[in-house]
Amino acid sequence: MNNSFINLVTLQIKEFYREPEVLFWSVLFPLALSAILGFAFSQQGVKESSVAIIENTFTPIHAGIARLQSQSFDSVSNRQITLLVAQPEQAFLKLKRGEVVMVVEPAANNNLIYHFDPANEEANLQYLLLEKKLHSPPAGASTVRAVSTPGSRYIDFLIPGMIAFGLMNSCIWGIGWNLIELRIKKLLRRMVATPMSKSEFLLAQFTTRLLITFFENILLVLLAYLVFDLQIQGSLLNVILLFLAGNIAFGGIAILIASRPERNQVGSGIINFVTLAMTILSGVFFSYTNFPEWAVKIIRYVPLTLLADGLRSVFNEAADFPQIALQVVLLLGYGIISFIIGLRVFKWY
Amino acid sequence: MHTSPLITIQAITKSFKGVKAVDNLTLSVGYNEYVALLGPNGAGKTTLVEMIEGLQKPDSGSITIQGKTWQKDAAFLRTIMGISLQETKFTDKMTVSEVLDLFGSFYKLGKKVTRQILQTIRLEEKAKAYVVTLSGGQRQKLALGVAMLNNPQLLLLDEPTTGLDPNARREIWDILMQLKKERGTSMILTTHYMEEAAYLCDRIVIIDKGKILADDTLATLLTSYDPGEVIAFQVSSPLATNSLYEIRGVKDVHWIEEGVKGMLTVESITHTLPVLLNLVESSGNTITSFESRKKTLDDLFRTMTGRSLHE
């Protein structure tokens, strides 16, 4: 038997494992990135930071400072704060060099002057912590409870985003780049000169990618489950549905991107632009709600955001089909419309 | 017997950004006929071939192949054609037999056929080798194999032996001659190599700037367009042009370096050569380099256009 569709799919998959670099960049790299980010942001160790206190005439007589020890530990923020007493010039030099996050200057009448960059969140945090310690305790008692149940940790936010991110990259680079390369090598031209069916050819591209992304993501989810105890709270069927819709969306976009370029640089330029723009905007690594409100309204409908948000809601909030229906439909819309436009302007030779 | 030619090309023109690559060109190719398109780079050979292949559309004029046109019968025409494009690069990490199987499957051919082709192109021992490991000649043979898969009525080969060593070239020639004899194939071949055109083809079509300059058999081209033989020489001190024209049988003097390095077109080397040698010696001059030969297509092309085929 010598079937063209099977040949097109199996040859692409064979190429995938015959080129070890391809395997590394498309499978191991996203895994490693997830693991690194996961560890980096869910690290349990004590964070340390230092604050400089200026030694002047008020230092020894300041009521609050006298109570402070040179090192103190804050259990809620899990921080070890080190206080360094220093001369003014020394203290500000340390601030410039980043050795301390803030300089505290004692003043008359038990007053304090804090010197720090308000844009530095660590410094802001230290300011609040020190204010609490250095002045009399607040009226009522507050209790803090740490939240670390599955579904609300950073890793739970990250992994569905990584799946969406990986899917986008795999489809756009895998299909888009492959088509552009076939065109540059004039292999596309050679193939179209045979009775090969164009739709079968494109369908084979899509099918190959579906198989590969499926394999990639099984590994990613498995890693997240084993290392970070990731749980899928919603139905697996909905995950698969979003996964398919994502494949169609990015497959279609890939074909649109690849429809014209005839040179490597142009092709990689366009692909980089599209994937990088979506990666930055779509809040794969960090929430996109930090963007201005008007931008957030647009960002919500970027394909990568649709997929990441959809997957997150199923993974972490147990969303059921009606809640992800809009995302699925919009993703399918992106895919189908891009595919139709792409096919219409596609340069086969 | 076929009463009409396999390919009839009527007054086709194709321009790119205002420049005419093919200019009002008319040509026909018969069944089992091998035709060479000979011309320098940029003459319009590839554009012409790609229009026959259906990869480009002429701006005006018509192409019919077995009475069919690309507009109406593209699917049929694809099945009767075998194509080898200029520099197609097959995927590096595919094996030779995978490439043949893949293209075979586009024609719905079984692996039995693709294995036969592997034999025909003499690459059996490379069946499992990756494309990336093949030599230039082996790659060209593979491209030829892909072109032959569907037992095409018409082969269109764009510079199939450019850059190959003489042995590899010879091997490809043998395969093509076998095809002509055994399967009655027709072929259009573009080439820079006169000896390739001479060895393989029944007719040679010389193209420049999108137009046909000459279209005939090699023998006719060489005898009827600008007959004669060539003496190329170099002397130690300058000769006068007039003295050369006075020698009987000299038809043309072409100086590469005025007075010192030149080419004579003569009716017959054997008649002119003794007189020329005598002239040089009697004036105390010496010949420092010398070559005499029959006229080539390159000489013919030079006479027609003032330029060399290889420029």
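Numbers given for residues are sequential positions, taken from 1 along each chain in its written order. Labels follow written order: the first chain is A, the first ligand is 1, and so on. Reporting of local features is limited, given that this is a predicted model, to residues whose pLDDT is at least 70; pairs of side-chain atoms are given and counted only at 80 or more, and all residues count toward the totals for whole chains, interfaces and linings. The basis for every side-chain value is the complete set of heavy atoms in the structure, and neither hydrogens nor water enter the calculation.

Engineer: So what's going on with helix H6 (residues 154–184) of chain A? Residues and values would help.
Structural biologist: The helix and strand labels rest on DSSP assignments: H or I over at least four residues marks a helix, E over at least two residues marks a strand, and numbering proceeds from the N terminus. What a helix should span is 1.5 Å times the count of its residues minus one. Relative to the 45 Å expected for 31 residues at 1.5 Å per residue, H6 of chain A spans 42 Å between its end C-alpha atoms, a close match to the ideal helical length. Burial runs high along H6 of chain A: 25 of the 31 residues are buried. Only protein chains enter the accessibility calculation, which uses a 1.4 Å probe; a residue whose area is less than 20% of its type maximum is buried, one above 50% is exposed, and one in between is partly exposed.

Engineer: So what about the domain arrangement of chain B? Which residues, and what values?
Structural biologist: Note that the domain bounds were set by an automatic or database domain assignment. Structurally, chain B comprises domain 1 (7–223) and domain 2 (228–294). One C-alpha centre belongs to domain 1 of chain B, the other to domain 2 of chain B; they are set 42 Å apart.

Engineer: Describe the interface of chain B and chain A, listing the residues and the values that go with them.
Structural biologist: Contacts were defined at the residue level, with two residues in contact if any of their heavy atoms lie within 4.5 Å. In this complex, chain B contributes 32 residues to the contact, which on the side of chain A involves 23 residues. A quick way to say it: buried area is the sum, across both parts, of accessible area lost when two parts are put together, with a 1.4 Å probe. Summed over both sides, the interface between chain B and chain A buries roughly 2,600 Å², with carbon and sulfur atoms accounting for 59% of that surface. For the chain B face of the interface with chain A, the top three residues by lost area are Leu55, Lys93 and Phe106 of chain B, together amounting to 24%. Here a salt bridge means any side-chain nitrogen of Lys or Arg lying within 4 Å of a carboxyl oxygen belonging to Asp or Glu. Connecting chain B to chain A are four salt bridges. Put simply, glutamate 98 of chain B and arginine 18 of chain A hold a salt bridge, and the shortest N to O gap is 2.8 Å. Polar contact criterion, stated in full: a pair of N or O atoms within 3.5 Å, where within protein one must be able to donate a hydrogen and the other to accept it, and residues adjacent in sequence count only if both atoms are side-chain atoms. Connecting chain B to chain A are 12 residue pairs in polar contact (both at pLDDT 80 or more). Broken down by secondary-structure element, the contributors of at least two residues to the side of chain B that touches chain A are helix H2 (70–80), helix H3 (96–106), helix H4 (111–120) and helix H5 (136–148) of chain B. If you tally residues by element for the side of chain B that touches chain A, the top one is H3 of chain B, at seven residues. Looking at the side of chain B that touches chain A residue by residue, the class counts come to 13 nonpolar, 10 polar and nine charged. Residues are grouped as follows: Ala, Val, Leu, Ile, Met, Phe, Trp, Tyr, Cys and Pro are nonpolar; Asp, Glu, Lys and Arg are charged; every other residue, Gly included, is polar.

Engineer: Break down the packing of aromatic side chains for me, citing the residues and quoting the values.
Structural biologist: In this analysis, rings of Phe, Tyr and Trp, with Trp reduced to its six-membered ring, are considered paired at centre separations within 6.5 Å, and the interplanar angle assigns stacked below 30 degrees, edge-to-face beyond 60, and tilted for intermediate values. Taken as a whole, this structure holds 10 aromatic pairs over all chains when the rule is applied. Both rings, one in tyrosine 114 of chain A and one in tyrosine 127 of chain A, keep their centres 4.9 Å apart while their planes meet at 85°; by these two values the pair is edge-to-face. Residue tyrosine 114 of chain A is found in strand S5 (residues 112–115), and its partner tyrosine 127 of chain A is found in helix H5 (residues 121–134); the two are separated by 13 residues along the sequence. Taking the centre distance of 6.1 Å and the plane angle of 75° together, the rings of phenylalanine 233 of chain B and tryptophan 255 of chain B count as edge-to-face. Taken together, the residues span a long stretch of sequence, with phenylalanine 233 of chain B in strand S10 (residues 229–235) and tryptophan 255 of chain B in strand S11 (residues 250–257) at a distance of 22 residues. Across this residue pair, the class does not change: phenylalanine 233 of chain B and tryptophan 255 of chain B are buried. Joined through ring pairs, the aromatic side chains of Tyr114, Phe116 and Tyr127 of chain A make up one cluster. The ring of phenylalanine 346 of chain A carries the charged tip of arginine 183 of chain A above its face, separated from the ring centre by 4.9 Å. Charge-over-ring placement is defined geometrically: NZ (Lys) or CZ (Arg) within 6 Å of the ring centre, and within 35 degrees of the ring normal.

Engineer: Run through unusual backbone geometry, naming residues and quoting values.
Structural biologist: Positive phi outside glycine occurs at alanine 318 of chain A, with the angle close to 55°. Of note, alanine 318 of chain A is situated in the loop between helix H12 (303–317) and helix H13 (321–345). Here lysine 108 of chain B, not a glycine, exhibits a phi torsion of approximately 60°, which is positive.

Engineer: Just give me the short version of the UniProt feature "transmembrane region" (unreviewed entry) in chain A, but keep the residues and values in it.
Structural biologist: UniProt positions are given in the numbering used here, feature names are shortened, and annotations may be inferred rather than shown by experiment. Mapped onto this numbering, the UniProt entry annotates "transmembrane region" (unreviewed entry) at residues 22–41, 157–180, 201–227, 239–258, 270–288 and 324–346 of chain A. Secondary structure across residues 239–258 of chain A comprises 95% helix and 0% strand; the distance between its end C-alpha atoms is 28 Å.

Engineer: Can you explain the sheet that holds strand S4 (residues 60–65) of chain B? Please cite residues and give values.
Structural biologist: All names here are of chain B. At least two bridges found by DSSP between two strands are what make those strands a pair. Spatial strand order, S2-S1-S4: three strands in an open sheet with antiparallel pairing. Strand pairing shows two members of the sheet lacking a second neighbour, strand S2 (19–29) and S4, which therefore form its edges. Adjacent strand axes in the sheet meet at a mean angle of 20°, parallel and antiparallel pairs treated alike. Alignment of strand S1 (residues 7–16) against S2, held across seven bridges, turns out to be antiparallel. Looking at S2, one finds that phenylalanine 16 is bridged to valine 19. In this analysis an axis means a line fitted to C-alpha atoms, helices contributing only their contacting stretch, and an angle means the value between N-to-C directions, from 0 to 180 degrees. The strands that helix H1 (residues 45–52) touches are S1, S2 and S4; relative to S1, the one it contacts most, it runs at about 125°.

Engineer: Tell me about the sheet that holds S11 of chain B, and name the residues and values.
Structural biologist: All names here are of chain B. One open sheet accounts for four strands, arranged S11-S12-S10-S13; its pairing is antiparallel. Looking along the sheet, the strands with just one partner apiece sit at the ends: S11 and strand S13 (287–294). Averaged over all adjacent pairs, the angle separating strand axes in this sheet is 15°, with direction ignored. Its contacts with the sheet put helix H10 (residues 269–282) on S10, S11, strand S12 (261–266) and S13, and the angle it makes with S10 is roughly 15°.

Engineer: Tell me about the domain arrangement of chain A, and please be specific about residues and values.
Structural biologist: Taken domain by domain, chain A consists of domain 1 (7–41 + 153–345) and domain 2 (47–134). The gap between the C-alpha centroids of domain 1 of chain A and domain 2 of chain A is 47 Å.

Engineer: Account for the environment of leucine 187 of chain A, with residues named and values stated.
Structural biologist: The topology assignment puts leucine 187 of chain A in helix H7 (residues 187–192). For leucine 187 of chain A, a relative accessible area of 1% puts it in the buried group.

Engineer: Tell me about the environment of aspartate 299 of chain B, residues and numbers included.
Structural biologist: Residue and element names in this part refer to chain B. Within the secondary structure, aspartate 299 sits in helix H11 (residues 297–305). The spacing of aspartate 299 and leucine 309 is 10 residues in sequence and 8.8 Å in space, taken between C-alpha atoms. Aspartate 299 has contacts with Val230, Met263, Arg293 and Lys294, leaving out every residue within four places of it along the chain.

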